[in-house]
Amino acid sequence: MVAASALVPAETTPLLSVSGLSVRYGSLRALDGVNLTVRPGELVALAGENGAGKTTLVRCIAGDISPTQGEIFLSGRRVSADPAAVARQGVAVVWQDLALCDNLDVAANVLLGRETRRMMFSDSRFHAAAAALLDSLGIPIQNTARRVSFLSGGQRQLVAVARAMGSKPRLLVLDEPTASLGVMEAAQVEKLIAGLREKGTTILLACHDIDQMFRLADRIVVLRQGQVVADLDPLNTHPDDIVALLSGQPVDSTARRQLTRLHGLADRLVSADPSSSLSLILSALGAALGTRQLCMHLVRDQALICAASLGFGPGQLGAWAQLPFGAAGGPVGLAALSERPVIEANARSSPAWLPFGDLARIAGVASSWSVPVTGPGGLSGVITVFRPETGLPQRQELQLVTLYAGYAASTVERDRLLEQATARNRVLETIREMLENLAGPIPVTDGLVVAVQALRHGLQADEVALVTKPDGQAPQWRAFAGPPGADPADASPALRAATDTVLAEVTRDGAARQLMGNQGRRVRLVPFTAANGLAVLLASWRQPSAAKAAQEEKALMEDAAHSLRLALDREEAGLAHQEAAALRRSGELQRDFLSRLSHELRTPLTAIRGYASSLMQPDVTWDRGSQDRFLDRIAAESARLGRLVDDLLDFSTIESGLMRLQPDWCDIPLVLQAAVACLPPAGSAAVSVRCDPELPVVWADHDRLEQVFVNLVSNAVCHNPPGTRVLVTAVIASPSEVVVSVTDDGTGIPDDLAAAPFEAGRRRRTRTGGAGLGLSIAHGIVEAHGGHIDLQRLRPGTRFRVVLPVEACEHSAEASGHSAGPAEHASAAGKAAVPSLGRPGPAEVAALVASATARGGGQHE
């Protein structure tokens, strides 16, 4: 058979159970029939004056003395009068005198009785174990080698608790832990006790400090003359009740209890969050009346809004969420209209309750009292008390509700004033936010939008706008803040009319003024001078403003206009700086390009001149083999020079937008085969080509596409170590596009080149040289076909993807063959900010070559 105790859930079984415990010393009865239970994880405080039996009870639990009568059980096992056996069962006691060894250090006291052989042979391990235990308990004692006699009283108490917790007890008993400590030391010990409780340690605390009990304990057990006179919940008990029980005085549950409850409510309201103040009042009133169901309505816009309730389930007060004044609002509406209490002794038969019969039935309401809440400004709200039984309230109950209604009125007024102060602070905070955004690192354009939104919030305006009119240009709506989702096109006619009016004027004094627009909309504006013209800050409201609010609006808008003017000046200066930086960058690129170009041109020219002059030596006769070798080198260097000039011509044509294509229907596999065939035999052997058999023909210039893929494939072969494999694939991306990818498994592209791979002049050092124009030319040719090319960095290797349209738009238009170059694809803003680099056209290439050659100097690599 299963024992009955085994059927009880583990969480309901007490950890400590004291039953009928009595202790006598001759004729003196120290304990008389004490019954006590402590559940796991609970902190129970023993309250009692000197001689009440607290220490005797603790000694019995610790096994230090044997009780005359009664039993003690720990987790269902009986506790014997043997301290060692009790300690093995998981009970640790910290006595009032601490029982520390003053001649030993902190570590020796903490680990006393639990030293292992491993610790004894190593001081470092010994002190590390002690420090780890102290740290796990959050005890701030760093030096474990310090003698205990040198510690303060609070530190000694902490060491004693740490020694007790070292055995990981199931029950920790504390006998007057802060009795002889100062305020700071007692707070330190309290913090440790609270931390142990949060970790689930079961604690029995014997002390005299009533305030400490209320701060720490889950239950307070009061001992008087060896007997338990009360077992109290701190949440429902006042400290005065504990004092009365300790002194043997009767606990007054009427006038004094109500007075202390009101004092406690007043103290809590001072520090409570405004959102919880009304709930605190209802909770205290419900406890005072012994009523579980209450609610409070507040006056908002000629209606009564339920602001707080107690004792109702979700949705039960839905019908009372918003009530009108008068009979339609039931008892609440009648009380608000008459500003006098409305008592309904029988809700089921009351005419005022007829519209709310479902509420009375579901919530079990039989009667109600609605008492108006009146403050300095008049009616603030209505408190309603519900009772499950019919009948009239007693006179003192109504007076008590009226008293609490006064507290509610004060709270409502305080919250109103706090709301006003919060609104003022919100205005200042939004202005600060506006200034931070304008002066912050974000772009000025984004900062203007955020600043105008913050200003609208601070002004409580319907819409705010910043409009600028650069000299000789049309007005620009730089920033607009209105209802969610609104843009400048949604600005009110009044705001637009005010904008046109002020922009037509000459006055730019930065002073705020007010206009009245159509439909009574009020507009306030501030015109001011910006860096490159006129600017105006505008705000509009549907409602008129008080005189004081108007002054605040005027000051705020003038300050905001000043900050916005500084931001616009900063933006103009930034644009000028960007333009100057672009010019400097342009010059640097030109110089770098010409320098490298001169080197690339001088190298083949020098070789040609050298071989030619050798052949023309009159005093040297060359054999046929040497002559052929010299002529081959002259031909190779001439071809190299020709390629450089061709690249310059192609690049100049692309940049000037004059590239002419000769499109026709092209078979991509044939183009790729022709490109691979242009490679040397060793290079072509490293290239594999895979094409989708369903690949369509494309409308393109066969020779130009071949030029693109020759460049990409030769780059993959020449710019990587021997043995690198190159894969060329062509697939259908969509019915209107094909994608050709050139992928290698080489060393990858350098970071500096990957940052702008298609910028002219960027190249990798190779033994074949080059002007660094190949990728830029390939990019221009692909874009001329209406496609695009991009770089993908792999690990390892590199991939270039060329996306081509199957049929370009130029084919359908039968255009003249002109295709826009990269410069024509730049944005208008970019053109305004960054001037053209002024690269030469085809007719100027010869002069460019001559100039670059003349400027080149130094030794050749």
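Residues numbered from 1 in each chain as written. Predicted model: local features only at pLDDT ≥ 70, side-chain atom pairs only at ≥ 80, totals over all residues. Heavy atoms only, no water.

**Student:** An account of the sheet that holds strand S28 (residues 798-805) is requested, with residue identities and associated values reported.
**Tutor:** Pairing is mixed across the open sheet formed by five strands, whose spatial order is S23-S25-S26-S28-S27. Lying at the two open borders of the sheet, with one neighbouring strand each, are strand S23 (687-691) and strand S27 (788-793). The sheet shows a mean angle of 20 degrees between the axes of neighbouring strands, taken without regard to direction. Here strand S25 (residues 726-734) runs beside strand S26 (residues 737-744); their pairing, made up of eight bridges, is antiparallel. When the sheet's bridge partners are listed, Ser734 is paired in S26 with Glu737. Those strands touched by helix H21 (residues 702-718) are S23, S25, S26, S27 and S28, and its axis lies near 25 degrees from that of S26. Packed on one face of the sheet, helix H23 (residues 774-784) meets S27 and S28 and runs near 25 degrees to S28. (Pairing = 2+ DSSP bridges. Helix = DSSP H or I, 4+ residues; strand = E, 2+ residues; numbered from the N terminus. Axes fitted to C-alpha atoms, helices over the stretch in contact; angles between N-to-C directions. Contact = heavy atoms within 4.5 Å.)

**Student:** Please provide a residue-by-residue account of helix H6 (residues 153-165), values included.
**Tutor:** Given 3.6 residues per helical turn, the α-helix brings residues three or four places apart onto the same face. Taking 1.5 Å as the rise per residue, H6 with 13 residues should run 18 Å; its terminal C-alpha atoms sit 19 Å apart, in good agreement. Most of H6 sits out of view: 11 of its 13 residues are buried. Taken residue by residue, H6 has Gly154, Arg156, Gln157, Leu158, Val159, Ala160, Val161, Ala162, Arg163, Ala164 and Met165 as its buried positions. Contact partners of the buried residues in H6: strand S6 (91-94), helix H3 (106-110), helix H5 (123-136), strand S7 (171-175) and helix H7 (183-198). (Expected span 1.5 Å × (residues − 1). Buried < 20%, exposed > 50% of the residue type's maximum accessible area, 1.4 Å probe, protein only.)

**Student:** Let's hear about the pattern of salt bridges: which residues, and what values?
**Tutor:** Using the criterion set out here, one finds 21 salt bridges in the structure. Close ionic contact of Arg156 with Asp102 constitutes a salt bridge, the shortest N to O distance being 2.9 Å. With Arg156 in helix H6 and Asp102 in the loop between S6 and H3, the pair connects residues that are 54 residues apart, well separated along the chain. For Asp790, the salt bridge identified is with Arg801, shortest N-O distance 3.1 Å. One end of the pair, Asp790, is in strand S27; the other, Arg801, is in strand S28, with 11 residues separating them in the sequence. Overall, Asp790 belongs to the partly exposed group, its relative accessible area being 21%. Linked by salt bridges that have partners in common, Arg39, Glu42, Arg219 and Asp231 make up one network. (Salt bridge = Lys/Arg side-chain N within 4 Å of Asp/Glu carboxyl O.)

**Student:** Let's hear about the nonpolar core: which residues, and what values?
**Tutor:** Of all hydrophobic cores here, the largest spans 51 residues; its most connected members are Leu172 and Val222. With seven residues, the top contributor of residues to this core is H6. What Val222 contacts, discounting residues up to four positions off in sequence, is Ala47, Gln227, Val228, Val229, Ala230, Leu232, Ile242, Leu245 and Leu246. Core analysis: the next-biggest nonpolar cluster, separate from the first, contains 41 residues, Leu661, Ala675, Ile749 and Leu775 among them. (Core = buried A, V, L, I, M, F, W, Y, C linked by side-chain atoms within 4.5 Å.)

**Student:** For the sheet that holds strand S1 (residues 16-25), give the residues involved together with the corresponding values.
**Tutor:** Pairing is antiparallel in the open sheet, where four strands are placed in the order S2-S1-S4-S5. Two strands in the sheet have a free side with no partner beyond their single neighbour: strand S2 (28-38) and strand S5 (77-78). In this sheet, S5 lies alongside strand S4 (residues 69-74) in antiparallel orientation, the contact comprising two bridges. Residue Leu74 lies in a different strand from S5, and its bridge partner there is Arg77.

**Student:** Would you mind going over the packing of aromatic side chains in detail, with residue names and values included?
**Tutor:** Applying the stated rule across the entire model yields nine aromatic pairs. On the numbers, 5.5 Å between centres and 50 degrees between planes, the contact of Trp320 with Phe386 is tilted. Pair noted here: Trp320 is in the loop between strand S12 (303-310) and strand S13 (322-323) and Phe386 is in strand S16 (residues 378-387), with a separation of 66 residues, a long-range link. Phe386 matches Trp320 in its accessibility class, with the two residues each being buried. Chaining the aromatic ring pairs together yields one cluster made of Phe312, Trp320, Trp353, Phe356 and Phe386. Geometry around Phe150 places Arg147 over its ring, the cationic atom sitting 5.6 Å from the centre. The ring of Trp477 carries Arg496 above its face, with NZ or CZ at 4.8 Å from the centroid. (Phe/Tyr/Trp six-rings, centres within 6.5 Å; stacked < 30°, edge-to-face > 60°. Lys NZ or Arg CZ within 6 Å of the ring centre and 35° of its normal.)

**Student:** Now, about the confidence of the model for the chain: what can you tell me, with residues and values included?
**Tutor:** Averaged over all residues, the pLDDT of the chain is 80; the fraction at 70 or higher stands at 81%. Long-range and interchain partners of residues 1-11, a stretch whose pLDDT sits below 50, account for two contacts in this model, where long-range means more than four residues apart. Residue range residues 810-861 is modelled with pLDDT below 50. Its contacts to residues more than four positions away, or to other chains, number 71 contacts. (pLDDT = per-residue confidence, 0-100.)

**Student:** So what about unusual backbone geometry? Which residues, and what values?
**Tutor:** Omega for the peptide link from Arg795 to Pro796 comes to -5 degrees, which places this bond in the cis form. Mapping Pro796 onto the fold places it in the loop between S27 and S28. We note that Ser75 has phi near 55 degrees; this positive angle belongs to a residue other than glycine. Relative to the elements of secondary structure, Ser75 occurs in the loop between S4 and S5. One non-glycine residue, Gln225, adopts positive backbone phi at about 55 degrees. Along the chain, Gln225 falls in the loop between strand S9 (219-224) and strand S10 (227-232).

**Student:** How would you summarise the packing of H6 against H7 if you had to cite specific residues and measurements?
**Tutor:** Each pair of packed helices can be described by the angle between their axes along with the distance between the axes. For the pair H6 and H7, the least separation of the axes is 8 Å and the interaxial angle reads 20 degrees. Here H6 is positioned roughly parallel relative to H7, judged by the angle of their axes. Between H6 and H7 lies a crossing of right-handed hand. Contacts from Gly153, Gly154, Gln157, Leu158, Val161 and Met165 in H6 reach Glu185, Gln188, Val189, Leu192 and Leu196 in H7. (Parallel < 35°, antiparallel > 145°, perpendicular 65-115°, else oblique. Left-handed = near helix turned anticlockwise from the far one by under 90°.)

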